[in-house]
Amino acid sequence: MSNVLKQEAVYAVTGIVTILMLVEYFFFADTQIWAETIRTWAVIIYNISLGLGAARLLISHSARVSKKGRDWQFSGLLLGLFAIMLLTGFAGYIMTGVQTNNGIYNWMFNYIYTPLGATLYPITGFYIFSAAYRAFRARNIDAALMLIAGCFVMLKNAPVGEAIWIGFATIGNWFQFTGQVPGMRTFAIVGALGLIAYGFRALLGKERGFYAGGGE
Amino acid sequence: MASGHYWVKSVDSTREAASKMSALSKLADIDRRVFYWILFIALMVPFLNPIGFPITIAPNTQDLYDGITGDQVDEGEVWIINFGYGVSAWSECHPAVTVCTKALFREGAKIIFIGPHYDVELTYNKLQDTCREDFATKEYGVDYVFLGYFTGGESVVAQLASDIASVFPQDHFGTPIGDIPMMDGVEDVHDIDGVLSSDTGDYGGHFMTQWQGPYGTKLAEVGIAMNGSTDLPRWQAGNFFGVSVGSRGGAELELLIGELGEATTAMDSISVSHLLLVLAIIIGNLGTITEKLGGKE
Amino acid sequence: MAYPTATLDVIGLWVGWFLMLMIYSYPLYKENVAYRAAEHMFIGVTLAITIITNFSNVMRMCITPLTQGNILMIVPLVLGLLMFTMLIPEYRWLSRYPVALLVGAGFGLGIRGTIKPNLQDAIIDTITAPTGGAMIDWFNYLYVAVGLICSIMYFMLTFEHSGPLKAPTRIGRLFIMVGLGAYFGNTVLFRFTMLTGRAQYFLQVLKLIPM
């Protein structure tokens with residue numbers, strides 16, 4: 001019985017929900033209330049589940065501080081800022097219904113979260129530059145084609161390419177609008193076929209990797 | 001003697017190749033931080049000394065602009081603009097979204113702003129700043145509404161198509177959706193005339209599979225350049241009526257609307273950085289090319 | 001946006017500027033205490049924002065309708081909370097139910113949504129010949145058609161790429177490399193534009209260029 005609850009019933013839920021979504025689309029002209037209900041539930045569960053990652057991080061950093069582990073001072077800084085942000089945000093939300101109405105939360109959002117977020121993601125631009133010099137080698141025809149296509153597209157995207165030679169833009173446009181189409185469209189088609197195949201496997205209960213504990 | 005002459009020639013070419021290799025290997029030994037500093041400084045110089053290279057309009061950008069102006073948009077149409085980008089991608093996506101907002105407002109369309117990023121309110125505030133004159137002529141709740149943050153991947157986009165109020169029972173500021181005049185009669189996908197999705201992720205793709213595919217909703221992608229590679233074939237297939245590719249697309253849109261802005265300003269910096277990168281690739285491959293040519297001799 | 005005049009906003013601008021330099025001290029100098037501190041600060045504030053934003057979303061979509069009489073909303077609330085049993089090893093199996101619903105909805109919506117745009121429209125566009133086009137249009141049409149067939153054959157991994165499959169799969173791989181090269185070119189624009197934004201911010205805070 002417990003095995004049924006832990007495995008078969010779970011796969012059945014997946015299969016039933018998948019089938020309901022497909023039945024709504026292929027057999028009904030309008031959206032159905034039961035399908036809308038399931039989708040709304042999925043969205044709510046998705047929202048709640050985003051807290052799981054936060055919970056895991058908080059647990060690991062709290063453990064680091066309590067055991068004075070590696071870089072525990074930084075974990076303390078993390079938890080301190082988290083606490084301030086959480087309390088002020090909830091204060092703003094409870095009092096006005098919008099968390100950014102709290103001055104401290106709003107200030108930290110604008111001047112700590114925003115510049116840090118805006119700075120961390122572009123850091124890969126530096127690594128692309130050093131990789132271009134050190135790692136991108138046209139050792140065979142495959143790599144050479146990739147680099148040639150990349151260079152022409154780059155010179156097409158940057159206005160300087162056209163200013164140096166009109167051919168950069170012409171050839172770059174060809175790569176952008178024709179050259180890359182077979183490859184990119186292949187990914188879309190193969191991805192779609194894979195999604196359909198994978199979806200039917202999940203529907204039949206053959207795919208179990210999503211569930212905590214795998215196929216146990 | 002012919003063979004002695006050949007021996008001398010081969011020694012000379014070997015010495016020449018060796019000196020080239022040592023120069024190249026010296027270049028290869030340069031600390032990567034030197035490259036990072038060169039790049040960072042090179043990005044700043046064009047802002048201090050603008051160059052102003054001309055920009056030509058790509059057909060995908062022209063189609064996008066044509067699709068949101070003139071006969072393509074009637075007064076009173078309701079459009080959705082999805083802020084699928086965060087602060088880090090403002091320089092990439094925001095100029096194009098600014099132009100699209102201005103264009104739609106000037107055609108008399110009403111706009112619903114939504115976004116799946118935590119900083120969507122910041123992006124909305126920035127849009128109000130970059131489109132200040134256009135927003136000044138419009139009334140909140142009548143001509144535009146900010147419904148705010150949403151998340152849930154493909155499920156939430158599909159649910160939006162079925163029932164907008166189930167995802168947004170109120171707007172970002174807490175006003176129930178039933179109390180917002182422009183949302184009267186706007187309940188699902190059939191009441192929306194077009195969607196512009198500006199993405200760093202794949203919400204544009206979700207709108208394509210859950211809105212454009214089944215219902216034929218007009219859809220365009222106004223996102224990052226990386227998405228341009230996947231979205232241009234979709235534009236060619238007719239799923240998107242137009243595509244703006246990153247900041248280059250933003251600069252082209254600014255040229256089309258006749259109001260140059262942040263994207264155009266950034267193009268000089270983009271030009272310098274791209275040129276540096278292409279030069280880095282060429283110099284980095286000089287050794288490989290030399291080896292191959294030396295081997296053929 | 002003009003350069004701010006309010007004291008707190010000016011302080012905030014400079015705090016953001018220093019935080020940016022703390023982050024960039026890693027590539028421009030080396031891994032150091034300042035970088036690690038800034039990194040942890042970002043994680044801390046992001047965690048709080050994640051929790052608050054999604055809490056307000058759940059309140060809006062679930063709790064408020066529940067308090068207004070929609071009793072069915074208890075189901076997603078309970079299922080969502082069951083997700084947290086993933087943190088408790090002996091009750092971890094309970095988290096499979098909300099995952100099952102998410103996976104089922106995701107696959108169902110994905111399968112039904114992908115057929116028209118990613119298969120039907122893509123294939124129709126590929127096989128539609130140019131109408132009265134120039135030589136270059138016909139060349140492009142054949143390039144895309146042949147390239148697509150060969151590239152898809154490359155992904156037929158259940159067959160060994162030998163014999164009659166060797167040549168087309170090899171050609172398909174070359175088409176894919178061209179596509180990836182163009183993708184790389186566009187990625188560079190994306191990454192460098194973001195970096196340009198930071199360079200611009202660096203100069204704007206120093207008032208070397210207008211904000």
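This is a predicted model, so every value here is computed, not measured.

Rules behind the numbers
Residues numbered from 1 in each chain as written. Chains lettered and ligands numbered in written order. Predicted model: local features only at pLDDT ≥ 70, side-chain atom pairs only at ≥ 80, totals over all residues. Contact = placed C-beta atoms within 7 Å. Helix = DSSP H or I, 4+ residues; strand = E, 2+ residues; numbered from the N terminus. Nonpolar A, V, L, I, M, F, W, Y, C, P; charged D, E, K, R; others polar. Core = buried A, V, L, I, M, F, W, Y, C linked by C-beta atoms within 7 Å. Buried ≥ 20, exposed ≤ 12 C-beta atoms within 10 Å, placed from the backbone. pLDDT = per-residue confidence, 0-100. Right-handed = clockwise from strand over helix to strand, strands pointing away. Axes fitted to C-alpha atoms, helices over the stretch in contact; angles between N-to-C directions. Parallel < 35°, antiparallel > 145°, perpendicular 65-115°, else oblique.

Chemist: Whenever I open this one, the interface of chain C and chain B confuses me. Can you help?
Modeler: Many structure descriptions define interface size as the accessible area lost when the parts assemble. Tallying the contact residues gives 40 residues for chain C and 50 residues for chain B. Top contributing element to the side of chain C that touches chain B by residue count: helix H6 (residues 166–205) of chain C, with 17 residues. In the side of chain C that touches chain B, the residues fall into 22 nonpolar, 14 polar and 4 charged.

Chemist: Would you mind going over the interface of chain A and chain C with me for this structure?
Modeler: Contacts between the two partners involve 100 residues from chain A and, on the opposite side, 95 residues from chain C. Going through the elements one at a time, helix H1 (2–27), helix H2 (33–66), helix H3 (72–96), helix H4 (103–120), helix H5 (123–134), helix H6 (141–157), helix H8 (166–179) and helix H9 (181–203) of chain A are the ones with two or more residues in the side of chain A that touches chain C. By residue class, the composition of the side of chain A that touches chain C is 69 nonpolar, 26 polar and 5 charged.

Chemist: What's the story with the nonpolar core in this structure? I'm lost.
Modeler: Burial of nonpolar side chains together is a common tendency in soluble globular proteins. Formed by 184 residues in total, the largest nonpolar core has its most connected members in Ile45(A), Cys100(B), Val45(C) and Leu101(C). Here the element with the most residues in this core is H6(C); it accounts for 16 residues. Dropping the residues within four chain positions of it, Cys100(B) is found in contact with Ile68(B), Ile81(B), Leu196(B) and Val222(B). Val181(A), Met184(A), Ala237(B) and Leu148(C) belong to the second largest nonpolar core, which has 9 residues in total.

Chemist: I keep staring at the confidence of the model for chain B and nothing clicks. Help me out?
Modeler: The predicted coordinates ought not to be read in detail in places where the model reports low pLDDT. Across chain B, the average pLDDT comes to 90, with 89% of residues at or above 70. On the interface metric, ipTM, the complex scores 0.90, and its pTM is 0.91.

Chemist: Help me understand the pairing of strand E5 (residues 218–221) of chain B, please; the structure alone is not making it clear to me.
Modeler: A regular strand carries its side chains on alternate faces of the sheet. Going residue by residue along E5(B), you find Lys218(B) and Ala220(B) tucked away on one face and Leu219(B) and Glu221(B) tucked away on the opposite face as well. After leaving strand E4 (residues 194–199) of chain B, the chain enters helix H9 (residues 203–215) of chain B and then returns to the sheet as E5(B), a path that is right-handed.

Chemist: Would you explain the environment of Lys126(B) in this entry?
Modeler: Residue and element names in this part refer to chain B. Along the polypeptide, Lys126 turns up in helix H5 (residues 120–130). Remark: the alpha-carbon pair of Lys126 and His94, spanning 32 residues in sequence, is separated by 8.7 Å. In contact with Lys126, not counting residues within four places along its chain, are Trp90 and His94.

Chemist: It is not clear to me how the packing of helix H3 (residues 74–82) of chain C against helix H4 (residues 96–127) of chain C should be interpreted in this structure. Could you clarify?
Modeler: How two helices pack is summed up by the angle between their axes together with the distance between the axes. All names here are of chain C. Close contact between H3 and H4 brings their axes to 7 Å; oriented N to C, the two are set at 115 degrees. Here H3 is positioned roughly perpendicular relative to H4, judged by the angle of their axes. Each of Leu79, Gly80 and Leu82 in H3 lies in contact with H4, whose residues at this interface are Tyr97, Pro98 and Leu101. Looking at the contact of H3 with H4 residue by residue, the classes come out as 5 nonpolar, 1 polar and no charged.

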